[in-house]
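Here is how the chains run, residue by residue.
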Amino acid sequence: MNKQKLIEEFIALYGGEKESVRVFASPGRVNLIGEHTDYNGGFVFPAALTMGTTIALRVRDDNIIRMKATDLDDIVEIDLSAPEKYKDIFWGNYQVGVCVELEKAGYEIVGCDMLYDDTLPHGGGLSSSAAIEVATALAFATLSNEKKGIDKPVDMIEMAKIGQKAENNYVGVNCGIMDQFASAMGKENHVIFLDCKDLDYKLVPLNISGYKIVIANTNKKRSLADSKYNERRAECDAALEKLKTVIDYDYLGVIPVDVFEKNKYVIGDEIKIKRATHVVYECDRVLKSIEALENNDVIKFGALMNGSHDSLRDLYEVTGIELDTLVDEARKIDGCIGSRMTGAGFGGCSVSIVREDAVDKFKEEVGKNYTDKIGYAPSFYVSDLGDGGREIK
């Protein structure tokens with residue numbers, strides 16, 4: 001919903017004057033290639049979407065935060081003097097975790113009335129949680145700086161780190177930094193080439209004239225905390241520890257393909273070898289993808305996307321029948337040059353590069369064939385790439 005309508009809903013809910021209401025926003029992200037590499041110190045290639053989280057808020061004169069979402073009935077009231085008791089609430093724990101981590105970092109949390117509006121599908125693999133975290137962090141950090149008389153822009157890379165820490169330490173999901181970084185640092189019509197080991201990054205223009213990014217949602221709900229995400233991370237950590245006995249690398253994601261192939265035997269466990277193989281080759285695919293786009297070779301980029309999905313299916317085993325069906329049906333469409341799962345997997349979304357004149361056929365045929373096989377329909381989003389977290393003046 002637009003800013004004005006959100007402010008009107010805020011006033012209807014909390015009362016008061018609209019002039020006192022401020023609005024902050026942060027987007028979800030789609031990762032074009034480089035999956036399950038971020039927590040392995042490797043490379044990712046995400047972009048911010050134009051869908052995301054928008055917050056209308058007004059400062060209170062006490063230590064209470066009241067939060068509501070436009071698609072939920074109840075107001076959640078948070079007393080920040082006892083943050084631990086909110087870890088298991090139905091909605092709002094991500095925001096509380098952000099406040100906890102901001103306080104650890106020296107920010108002063110002020111009481112607020114808040115209304116959240118999300119245009120991302122929850123559990124869809126487009127980082128709705130990161131959008132909430134970054135928008136919340138930006139809002140409270142801005143208010144804290146103003147209260148302290150600090151006249152400088154909020155450090156958005158720090159806000160990405162705060163969001164990741166909230167998810168790791170409070171919510172209990174051992175996620176990497178990619179989602180929050182893309183939500184915080186995205187730029188319209190650009191993709192972020194991010195080195196996750198040190199957060200070195202560059203913005204790469206997405207030159208795919210004549211093609212569109214089409215996101216397809218399996219509509220199978222999944223929560224990272226309930227999935228095998230943490231198990232995969234533990235398998236990668238174990239593989240790296242074995243490799244460290246013969247080669248000197250701190251992260252799986254920085255091991256060259258040839259070095260890995262010579263030494264992977266030391267891992268000694270077939271499952272862990274498969275997990276590590278995905279990570280090493282996926283990082284190599286990201287580097288080749290940058291080169292392809294810089295050479296305007298969108299066909300090669302599409303082929304690398306296909307290779308990424310196949311690896312995630314066969315080696316990392318995080319796809320499942322829903323995502324595999326979306327991707328298999330997408331690849332049958334003339335005009336689709338690449339398709340892969342995006343996000344953590346176990347449900348969620350696929351991302352495809354589709355020729356503009358084939359988009360309608362793509363949605364119709366992929367939607368029908370998916371529904372026939374799975375039993376319920378997917379959703380489609382033809383997405384633009386947008387800006388990262390910001391206050392909407």
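Our subject is the structure that appears above.
Residues numbered from 1 in each chain as written. Predicted model: local features only at pLDDT ≥ 70, side-chain atom pairs only at ≥ 80, totals over all residues. Heavy atoms only, no water.

Q: How should the nonpolar core be read in this particular structure?
A: Nonpolar side chains in soluble globular proteins generally cluster together in the buried interior. Ile-65, Leu-102, Met-114 and Met-159 are the most contacted members of the largest nonpolar core, which has 75 residues in total. No other element matches the nine residues that helix 3 (residues 128-148) contributes to this core. For Met-159, the residues in contact, after removing those within four places along its chain, are Leu-102, Tyr-107, Ala-137, Leu-138, Ala-141 and Val-154. Membership of the second largest hydrophobic core comes to 34 residues, among which are Ile-33, Ala-292, Met-305 and Cys-349. (Core = buried A, V, L, I, M, F, W, Y, C linked by side-chain atoms within 4.5 Å. Buried < 20%, exposed > 50% of the residue type's maximum accessible area, 1.4 Å probe, protein only. Helix = DSSP H or I, 4+ residues; strand = E, 2+ residues; numbered from the N terminus. Contact = heavy atoms within 4.5 Å.)

Q: Just to check I follow, could you spell out the packing of helix 2 (residues 93-104) against helix 3 for this structure?
A: Packed helix pairs are characterised by how far apart their axes lie and by the angle those axes make with each other. Where helix 2 meets helix 3, the closest approach of the two axes is 9 Å, and the angle between their N-to-C directions is 45°. Our classification of the angle between helix 2 and helix 3 gives oblique. Here the hand of the crossing between helix 2 and helix 3 comes out right-handed. Contacts between helix 2 and helix 3 involve Tyr-94, Gln-95, Val-98, Cys-99 and Leu-102 from the former and Ser-129, Ile-132, Glu-133, Thr-136, Ala-137, Phe-140 and Ala-141 from the latter. Here the contact of helix 2 with helix 3 is composed, by residue class, of eight nonpolar, three polar and one charged. (Axes fitted to C-alpha atoms, helices over the stretch in contact; angles between N-to-C directions. Parallel < 35°, antiparallel > 145°, perpendicular 65-115°, else oblique. Left-handed = near helix turned anticlockwise from the far one by under 90°. Nonpolar A, V, L, I, M, F, W, Y, C, P; charged D, E, K, R; others polar.)

Q: What should I look at first to understand the pattern of salt bridges in this one?
A: Pairing is possible between side chains that carry opposite charge, provided their charged atoms lie close to one another. Applying the stated criterion to the full structure yields 32 salt bridges. In this structure, Lys-104 engages Glu-101 in a salt bridge whose closest nitrogen and oxygen atoms are separated by 3.1 Å. Of this pair, Lys-104 and Glu-101 are both found in helix 2, three residues apart, which corresponds to roughly one turn of the helix. Residue class for Glu-101 comes out buried when judged on its relative accessible area of 5%. For Glu-329, the salt bridge is made with Lys-332, and the minimal N-O distance between the two is 3.1 Å. Three or more residues joined by partner-sharing salt bridges are found here, namely Glu-231, Arg-232, Glu-235, Lys-274, Arg-275 and Glu-317. (Salt bridge = Lys/Arg side-chain N within 4 Å of Asp/Glu carboxyl O.)

Q: Looking at this structure, how should I read helix 5 (residues 178-185)?
A: Two residues of an α-helix separated by three or four positions point the same way, owing to the 3.6 residues in each turn. Taken across its eight residues, helix 5 has eight buried, putting it largely inside the fold. Here helix 5 has its buried residues at Met-178, Asp-179, Gln-180, Phe-181, Ala-182, Ser-183, Ala-184 and Met-185. Along its buried surface, helix 5 packs onto strand 1 (22-33), strand 2 (43-59), helix 3, helix 4 (156-171), strand 6 (190-195) and strand 7 (200-205).

Q: Explain the layout of surface pockets to me, please; I cannot follow it from the model alone.
A: The gaps of empty space that remain are located by a probe, the size of a water molecule, rolled over the atoms. Empty space within the second largest pocket amounts to approximately 210 Å³. As for the second largest pocket, its lining consists of 18 residues, of which Ala-25, Thr-50, Gly-52, Thr-54 and Arg-390 are closest to the centre. Sorting the residues of the lining of the second largest pocket by element identifies strand 1 and strand 2 as the ones contributing at least two each. Examining the composition of the lining of the second largest pocket, we find that six residues originate from one element, strand 2, more than from any other. A breakdown of the residues in the lining of the second largest pocket according to their chemical character gives six nonpolar, eight polar and four charged. (1 Å grid on protein atoms, 1.4 Å probe; cavity = no way out; pocket = protein on both sides within 12 Å on 5 of 7 lines; lining within 4 Å. Points joined across faces, edges and corners; volume = space filled by probe spheres on them.)

Q: In this structure, what is going on with empty space enclosed by the protein? I would like to understand it.
A: One pass over the structure, following the stated rule, counts one cavity of 30 Å³ or more. Reported here for the largest cavity is a volume of approximately 30 Å³. In terms of lining residues, the largest cavity is bounded by Ile-65, Met-67, Gln-95, Val-96, Cys-99, Met-114, Tyr-116, Thr-136 and Phe-140. Elements that contribute at least two residues to the lining of the largest cavity include exactly strand 3 (64-69), helix 2, strand 5 (112-118) and helix 3. The class makeup of the residues in the lining of the largest cavity is seven nonpolar, two polar and no charged.

Q: Looking at this model, I keep getting lost on the pairing of strand 4 (residues 76-79). Mind explaining?
A: Where burial is concerned, the two faces of strand 4 differ: the one with Val-76 and Ile-78 is buried and the one with Glu-77 and Asp-79 is not. By the bridge criterion, four bridges tie strand 3 to strand 4 in an arrangement that is antiparallel. Opposite Ile-65, over in strand 4, you have Ile-78 as the bridge partner. Where strand 3 folds back onto strand 4 in an antiparallel hairpin, the turn is made up of six residues. (Pairing = 2+ DSSP bridges.)

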